[in-house]
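Per-entry structural report
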Amino acid sequence: MKKKTKILSLILAGILACGVTGSVIGIGVAQAGQRASIKKEELTISSLTDGATVALLDGEIYEFATTYKDKGDARKWAVGENYSGDRYAPKKAKITWENKGEPAAYYTLSLGLKKDLSDAKDYITLNTEVDVENLLVAKKYYYQITAHYDEDTVVKSIVFSFNTADLPRTVWIEGVSNTRDLGGRKTVDGNYRVKQGMIYRGGNIDGITENGKHVFLNVLGIKTDLDLRGNDVGITVSPAGDSVNFIKVQAPFYYGHPSDITSPDFKEALTTEIRTFANPDNYPVYLHCNLGRDRAGTLSYLINALLGVGEQDLFRDFETSFFSRHGFVDAAQGQGTVLELVGSLMALHNYLTSYGGGTLAQNTEAFCINHLGITKAEIDSIRNIMLEEVGA
């Protein structure tokens, strides 16, 4: 009993010292040889989350993502097409369990993508539930609960599992709007999926907070800030810090006007944009313009089209911007509507689908080679970096 009391006292002291709030009081990556010895006792731990499919979106953005069928569907949630606000924040995954035996001093949730939990992160809590952030979509996660009674006695559950729903992956970076993962979508042939945690898109990061920087640098691990605003801003260093690789170009957008992707004035910039993704040392990349919709939307479309993502997923990703404060600000000012902006992307889509006689991915590749001078080797590099087999 003295050992149990001592352990609990040390945990509580840690909470007070670190100023940690909520149910999770510590997170770490499991390392070999660091786990406590196991006392063989009858299994007493069960989990209601086992076997569940967990959606990482809720509210309006969940409804939009799960019912999207036609271009312009986002207007249904636009509140008269003059709404401006952030409505895309990801939902935490709540993992719960029940200990039918003697209450433990504390618990460790070990969570990872490998069944043997060799990649697991440990979440330490006094409660029988943990809210987990920044999970990937369309993945199977494995987890195990360890109940700690004293220094010598622990009880481990069996290894449970749950799946995350196949939905867009939005992320939350404090002080930044319109942020999400470009990955997660399947290719048209169904054989591959765009890797997650590699390319993020969003609005400018000029107002990023200290907590936002922590998420940007340490949670998402972003190495490259690809700023598409060029001469629109005078900065020469990323607002996230000078440790970030900062690439700034004056990017084109859409098709059918003087600043589109075919303009000779923007050829060098667009070539730099695409080549950024052929270099594995640049990843993870955060690409953005000001709002995170037009220039960022154009580049996001080109990259995912090159990777083989289908038309419906390309347009749904674009329209997700309308659920953000930045992505819909000018429509709120009467300068555009959802359908007009979707029409701008449609002009780009029609141009590329008619560029050659192949698939959208093949035509986008041909455009990059013929118009920009991107090499086949560079395109292969992007695909090798960004695509994984379905189920991986």
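Residues numbered from 1 in each chain as written. Predicted model: local features only at pLDDT ≥ 70, side-chain atom pairs only at ≥ 80, totals over all residues. Heavy atoms only, no water.

Tallying each qualifying case throughout the model produces 21 salt bridges. Between Asp 317 and Arg 180 there is a salt bridge, and its shortest N-O distance comes to 3.0 Å. A residue pair is termed long-range when its members are at least 10 positions apart, and Asp 317 in helix α6 (residues 311-319) and Arg 180 in strand β12 (residues 180-181) qualify at 137 residues. One exposure class covers both Asp 317 and Arg 180, and it is buried. Among the salt bridges present, the one from Arg 229 reaches Asp 206, with a minimum N-O distance of 2.8 Å. Of this pair, Arg 229 sits in the loop between β15 (224-227) and β16 (245-248) while Asp 206 sits in the loop between β14 (199-202) and α3 (210-219), and the two are 23 residues apart along the sequence. Overall, Asp 206 belongs to the partly exposed group, its relative accessible area being 44%. One network of salt bridges, with partners in common, ties together Lys 94, Glu 129 and Asp 131. (Salt bridge = Lys/Arg side-chain N within 4 Å of Asp/Glu carboxyl O. Helix = DSSP H or I, 4+ residues; strand = E, 2+ residues; numbered from the N terminus. Buried < 20%, exposed > 50% of the residue type's maximum accessible area, 1.4 Å probe, protein only.)

Next up on the list: the packing of aromatic side chains. Tallied over the full model, the rule gives 18 aromatic pairs. Ring geometry for Phe 318 and Phe 322: centres 5.9 Å apart, planes at 90 degrees, overall edge-to-face. With respect to burial, Phe 318 and Phe 322 carry one shared label: buried. A centroid spacing of 5.8 Å and a plane angle of 85 degrees characterise the contact between Tyr 355 and Phe 367, whose relative ring orientation is edge-to-face. Of the two residues, Tyr 355 is situated in the loop between α8 (338-353) and α9 (360-372) and Phe 367 in helix α9; the sequence distance between them amounts to 12 residues. Given the relative accessible area of 29%, Tyr 355 is considered partly exposed. For Phe 367, a relative accessible area of 1% corresponds to the buried category. Positioned above the aromatic ring of Phe 315 is the side chain of Lys 71, whose terminal nitrogen or guanidinium carbon lies 5.0 Å from the ring centre. (Phe/Tyr/Trp six-rings, centres within 6.5 Å; stacked < 30°, edge-to-face > 60°. Lys NZ or Arg CZ within 6 Å of the ring centre and 35° of its normal.)

So, about the sheet that holds β15. Adjacent strands of a sheet pair through backbone hydrogen bonds, lying either parallel or antiparallel. In space, the 5 strands of this open sheet follow the order β12-β14-β17-β15-β16, with mixed pairing throughout. For this open sheet the edge positions go to β12 and β16, each flanked by a neighbour on one side alone. (Pairing = 2+ DSSP bridges.)

To continue, consider α8. For α8, spanning 16 residues, the distance from its first C-alpha to its last is 22 Å, which sits close to the expected 22 Å at 1.5 Å a residue. Of all the residues in α8, the buried ones are Val 338, Leu 341, Val 342, Leu 345, Leu 348, His 349, Tyr 351 and Leu 352. (Expected span 1.5 Å × (residues − 1).)

Moving on to the pairing of β15. Here β15 shows no split at all, with Thr 224 and Leu 226 on one side and Asp 225 and Asp 227 on the other all buried. Pairing of β15 with β16, which is carried by 4 bridges, proceeds in the parallel orientation. Residue Asp 227 lies in a different strand from β16, and its bridge partner there is Lys 248. Of the strand pairs in this sheet, β15 and strand β17 (residues 285-288) are connected by 4 bridges, and their pairing is parallel. The residue of β17 that forms the bridge with Leu 226 is Leu 287.

Turning next to the packing of α6 against α8. Between two packed helices, the angle of one axis relative to the other and the distance separating the axes together describe the packing. Their axes nearest at 11 Å, the elements α6 and α8 cross at an angle of 140 degrees. One way to sum up the angle between α6 and α8 is to call them oblique. Crossing geometry of α6 relative to α8 is assigned as right-handed. Together, Glu 311, Leu 314, Phe 315, Phe 318 and Glu 319 of α6 and Val 338, Leu 341, Val 342, Leu 345, Met 346 and His 349 of α8 make up the contact between the two elements. (Axes fitted to C-alpha atoms, helices over the stretch in contact; angles between N-to-C directions. Parallel < 35°, antiparallel > 145°, perpendicular 65-115°, else oblique. Left-handed = near helix turned anticlockwise from the far one by under 90°. Contact = heavy atoms within 4.5 Å.)

Following Tyr 283, the chain continues to Pro 284 via a peptide bond in cis, the omega torsion being -10 degrees. Its place among the elements puts Pro 284 in the loop between α4 (267-276) and β17. Positive phi values are uncommon outside glycine, yet Tyr 254 reaches one of about 60 degrees. Looking at the element boundaries, Tyr 254 is found in the loop between β16 and α4. Overall, the relative accessible area of 4% leaves Tyr 254 in the buried class.

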